[in-house]
Amino acid sequence: MDKKTIVYYQMIIHNQWKVYIAATENGLCYLGTEHSSIDELIKTCNKQFPNCELRESSDELTLYKEQLIEYFDGSRTQFTFNFDVRGTIFQMNVWKALSSIPYGSSFCYSDIANKIGNPNAVRAVGMAIGSNPVAIAIPCHRVLGKNGSLTGFSGGLDVKEKLLTLEKIQYK
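Parameters at a glance
- Residues numbered from 1 in each chain as written.
- Predicted model: local features only at pLDDT ≥ 70, side-chain atom pairs only at ≥ 80, totals over all residues.
- Heavy atoms only, no water.
- Helix = DSSP H or I, 4+ residues; strand = E, 2+ residues; numbered from the N terminus.
- Rg over C-alpha atoms; globule rule 2.2 N^0.38 Å.
- Buried < 20%, exposed > 50% of the residue type's maximum accessible area, 1.4 Å probe, protein only.
- Contact = heavy atoms within 4.5 Å.
- Lys, Arg positive; Asp, Glu negative; His and termini not counted.
- Charge placed at Lys NZ, Arg CZ, Asp CG, Glu CD.
- Pairing = 2+ DSSP bridges.
- UniProt positions renumbered as here; feature names shortened; annotations may be inferred.

**Considerations on the overall build of the protein**
Along the backbone of the protein there are six helices and six strands. Along the protein, helices and strands appear, N-terminal first, in the series β-β-β-α-β-α-α-β-α-α-β-α. In terms of C-alpha radius of gyration, the protein reaches 16 Å, essentially the compact-globule figure of 16 Å for 172 residues. Taking all 172 residues of the protein together, 47% fall into the buried category. Within the protein, contacts between residues at least 6 apart in sequence are counted, and of these 57% link residues at least 24 apart. The average position of the 18 basic charges and that of the 17 acidic charges among the side chains of the protein differ by 8 Å.

**Describing the environment of A135**
Tracing the backbone shows A135 in the loop between α5 (122-130) and β6 (143-144). Sequence-distant contacts of A135, that is, excluding residues within four places in its chain, are made with L31, C140 and F153.

**Some remarks on helix α2 (residues 62-72)**
Within α2, the full set of buried residues consists of Y64, Q67, L68, I69, Y71 and F72. Of the surrounding elements, those touching the buried residues of α2 are β1 (6-14), β2 (17-24), β3 (27-32) and α6 (157-166). Following α2 by one or two positions, G74 has its phi on the positive side, about 85°.

**Considerations on the pairing of β3**
Across the six residues that make up β3, a large majority, six, are buried. Direction of pairing for β2 relative to β3: antiparallel, over a ladder of five bridges. Looking at β3, one finds that T24 is bridged to G27. If you look at the hairpin formed by β2 and β3, you'll find two residues sitting between the two strands.

**Details of the UniProt feature "domain: Methylguanine DNA methyltransferase ribonuclease-like" (unreviewed entry) in the protein**
In the numbering adopted here, UniProt assigns the feature "domain: Methylguanine DNA methyltransferase ribonuclease-like" (unreviewed entry) to residues 8-84. Counting secondary structure, residues 8-84 comes out at 29% helix and 32% strand; the distance between its end C-alpha atoms is 12 Å.

Next comes the structure, spelled out in structure tokens:
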């Protein structure tokens, strides 16, 4: 019988930020914004790690919490922790491309499609971005419309605006 994956989780509240985080021993597997719920966390973790065991705990999540707070405070521009995310090969390629967008910069959906070598997959890129289980850490908020407009964000457009403002990214 396979060993059950243990997923540790907690809610972080810091200044005007509220996020849910979850991680396995291999890395961060979920980061949900203030509009997410514990039910969403459970659903996402169970999808990535069927039959996982969820444990509320802060001790195992200290590294993630510290780096996120530094980011929210404006003193961190890059995360150094590992991720433990599961997706299709296409999704993983999109998420890797998102991870290469520098702090304070933005790309559009076609930039990401070009970066993964599939320029005709702009809509599919949008779907993959929307299914990113670690928003903020894999910076899907840095993707704007072709004309620099604010476009969809699974964590809520108000949160996307706060993140773009934090990073001083201009948008329409």
